[in-house]
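# Examining the three-dimensional arrangement
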Amino acid sequence: MHRRMWFYVLLLSALALLVAGCGVGDGASEAGQTPLGYAKNGDGYADISVEQLAELLEAEDVTMVNVHVPYEGELPQTDLFIPYDEIQDHLAELPAKDAPIVLYCRSGSMSTTAARVLAEEGYSNVMELDGGFNAWEASGQQLLMSR
């Protein structure tokens, strides 16, 4: 009986370690990465910094979408203006679901909402600019006022 009890203790310990190991992580690694290598958050899109976006714009062909309403300016290389709360109604205007898409607004709250919608719709390469165009402009980058 003593051996059988040790067997069960070892078995349960091993099972507990296995289950505990499955819960370890920071959320980003569990959610994966965008095809461009940015860590996705738990909502399925990547939060990127001003510096990351500036590098991305130099190296990659991305679709830039301003989702801020009302219009208060835009980043250079912006391709589309789609209000954040209407993004689901404009999916046909967006590139393929695996194409790189960067969403931004003034501070990041509207683009976060739009990014969640696109991730839920199966878009796998969505990025959202942390801090929005306020952060972009504060870093010394140009903000256009052309609408």
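The paragraphs below set out a description of the structure included in this document. For clarity, every value in this text was computed on a predicted model and none was experimentally measured. (Residues numbered from 1 in each chain as written. Predicted model: local features only at pLDDT ≥ 70, side-chain atom pairs only at ≥ 80, totals over all residues. Heavy atoms only, no water.)

### Details of the sheet that holds strand β5 (residues 126-129)
On the basis of which strands lie adjacent, the open sheet formed by 5 strands has the order β1-β5-β4-β2-β3 and parallel pairing. With one partner strand each, in any of the chains shown, β1 (46-48) and β3 (80-81) form the two edges of the open sheet. As defined by bridge partners, strand β2 (residues 63-66) adjoins strand β4 (residues 101-104) across 4 bridges and the pair is classed as parallel. In the sheet register, Asn-66 faces β4, and the bridge partner there is Tyr-104. Packing against the sheet, helix α3 (residues 50-59) makes contact with β1, β2, β4 and β5, and its axis sits at approximately 95 degrees to β1. (Pairing = 2+ DSSP bridges. Helix = DSSP H or I, 4+ residues; strand = E, 2+ residues; numbered from the N terminus. Contact = heavy atoms within 4.5 Å. Axes fitted to C-alpha atoms, helices over the stretch in contact; angles between N-to-C directions.)

### Quick word on the environment of Asn-134
With respect to the secondary-structure elements, Asn-134 resides in helix α5 (residues 132-138). On a C-alpha basis, the gap between Asn-134 and Gly-108 in space is 8.8 Å, while along the polypeptide they are 26 residues apart. If near-sequence neighbours (up to four positions away) are discounted, Asn-134 is found in contact with Arg-106 and Ser-107.

### Concerning the pattern of salt bridges
If you walk through the whole model with that rule in mind, you get 2 salt bridges. Put simply, Asp-43 and Arg-116 hold a salt bridge, and the shortest N to O gap is 3.0 Å. Of this pair, Asp-43 sits in the loop between α2 (28-31) and β1 while Arg-116 sits in helix α4 (residues 109-120); the two residues are 73 residues apart in sequence, bridging distant segments of the chain. Judged by relative accessible area, Arg-116 falls into the partly exposed class, the value being 36%. Where Glu-72 meets Arg-106, a salt bridge forms, and the shortest distance between an N and an O atom there is 3.1 Å. Highlighted residues: Glu-72 in the loop between β2 and β3 and Arg-106 in the loop between β4 and α4, separated in sequence by 34 residues. Among the residues examined, Glu-72 registers a relative accessible area of 29% and is labelled partly exposed. Arg-106 sits in the partly exposed class, given a relative accessible area of 33%. (Salt bridge = Lys/Arg side-chain N within 4 Å of Asp/Glu carboxyl O. Buried < 20%, exposed > 50% of the residue type's maximum accessible area, 1.4 Å probe, protein only.)

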